[in-house]
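Next come the chains, spelled out residue by residue.
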Amino acid sequence: MHNITIIGVPVDLGAGRRGVDMGPSAIRYAGLAERLRSLGHSVLDLGDLGVPLAELIPLPAADEKLRYLGPLADLNRNLADKVALVVAEGSFPLILGGDHSLAIGSVRGSARTRKLGVIWIDAHGDFNTAQTTPSGNIHGMSLAVLTGRGHPDLVGPAPIVDDQAIALVGVRDLDPAEQVALRIAGIRAFTMHDIDRRGMAVVIEEAIQHTSTRTNGLHLSLDLDALDPSEAPGVGTPVAGGLTYRETHLAMEMIAESGRMRSMDLVEVNPILDTHNRTAEHAVAFALSALGKRILGK
């Protein structure tokens, strides 16, 4: 059983659509803490980090390729410190989003005193920089930042994750320059073609092995847009042809069985776009599987 500490990050500054800032509330409303406790875990919810409202932040023309750079850099430094403290206290950080820009801080904090691999389950690569982004939205840059690519205010003093310790899973929507950057970096990417052809079990087994080489564990970052929109409608950047509900559960179950997971993000749940809180309910179910729930119990 784990000691789990929940941190909400109601941020939408990194995204192109509003509403994802309500994701942490939607996930909590779906019973996250109570259902984790029913598995025997000890759960502490620290509430939400303070995030400034977009309407109150002037957006200078210079920020066109790095929208809300300053506030997001500050937020992620704060989040990294919070997550590092949770780790130092011997607890498991479970971070609720909010858009995927928050992973800059969650992974940085979790990896402060240990070398982590990262399994990034997402329809997108999130490997853009200011030089390649078509939108300027920083949630599409977070994985690149973690590898040391991007604006110094986001990257910090050093890369957080080695290129060879990352596995992208479920990717199916990449910008042209992003495709090139991923290929040059040698990032291990398992596309939907790989999953369709080889099966999720094989893909996740290889992803776990890849991210476990010369690391002390792994961080799991689950973007709910990895699922097909028919399964998870409440996301800001839906892409057809995604993961099924059962494929995602299998991935979570296998990661749990590996014993390698040290921290986790649940991101991009947008209740405004959802149907009856369905996507948030799925997020909770996936967190439970990643943290030990089984169909037949123990």
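Not measured: the values here are computed from a predicted model.

*Asks:* Even after reading the chapter, I still don't get unusual backbone geometry, so can you show me in this structure?
*Replies:* One can expect most non-glycine residues to show negative phi and most peptide bonds to be in trans. Along the chain, Gly 97 connects to Gly 98 via a cis peptide bond; the corresponding omega equals 20 degrees. By secondary structure assignment, the location of Gly 98 is in the loop between strand E3 (92-97) and helix H4 (103-110). The phi dihedral of Tyr 68 falls on the positive side, at around 60 degrees, and the residue is not glycine. Tracing the backbone through its elements, the reader meets Tyr 68 in the loop between strand E2 (42-48) and helix H3 (69-88). For Tyr 68, a relative accessible area of 10% corresponds to the buried category. For Glu 268, which is not glycine, the phi dihedral falls at a positive 70 degrees.

*Asks:* What am I meant to see in the nonpolar core here?
*Replies:* Most often, soluble globular proteins keep nonpolar side chains buried together rather than apart. Core analysis: the largest hydrophobic core is formed by 49 residues, its most contacted members being Leu 94, Ile 121, Val 169, Leu 220, Met 252 and Met 264. The dominant element in this core, judged by the number of residues it contributes, is helix H11 (residues 278-290), at seven residues. Among all residues touching Leu 94, those that are not within four sequence positions of it are Ile 4, Thr 5, Ile 6, Ile 7, Leu 32, Leu 36, Met 264, Leu 266 and Leu 291. With 26 residues, the next largest nonpolar core counts Leu 69, Ile 95, Leu 102 and Ile 138 among its residues.

*Asks:* Whenever I open this one, the layout of surface pockets confuses me. Can you help?
*Replies:* One way to see where empty space is left: roll a probe the size of a water molecule over the atoms. Approximately 290 Å³ is the volume found for the largest pocket. For the largest pocket, the lining is made up of 19 residues, of which His 124, Asp 126, His 139, Gly 140 and Asp 175 are closest to its centre. Of the residues in the lining of the largest pocket, the class split is two nonpolar, 10 polar and seven charged. Along its surface, the second largest pocket is lined by His 2, Phe 92, Ile 255, Ala 256, Gly 259, Arg 260, Met 261, Arg 262, Ala 290, Leu 291, Gly 292 and Arg 294. If you list the elements that add at least two residues to the lining of the second largest pocket, you get helix H10 (245-258) and strand E8 (261-267). Across the lining of the second largest pocket, the residue classes break down as six nonpolar, three polar and three charged.

How each quantity is defined
Residues numbered from 1 in each chain as written. Predicted model: local features only at pLDDT ≥ 70, side-chain atom pairs only at ≥ 80, totals over all residues. Heavy atoms only, no water. Helix = DSSP H or I, 4+ residues; strand = E, 2+ residues; numbered from the N terminus. Buried < 20%, exposed > 50% of the residue type's maximum accessible area, 1.4 Å probe, protein only. Core = buried A, V, L, I, M, F, W, Y, C linked by side-chain atoms within 4.5 Å. Contact = heavy atoms within 4.5 Å. 1 Å grid on protein atoms, 1.4 Å probe; cavity = no way out; pocket = protein on both sides within 12 Å on 5 of 7 lines; lining within 4 Å. Points joined across faces, edges and corners; volume = space filled by probe spheres on them. Nonpolar A, V, L, I, M, F, W, Y, C, P; charged D, E, K, R; others polar.

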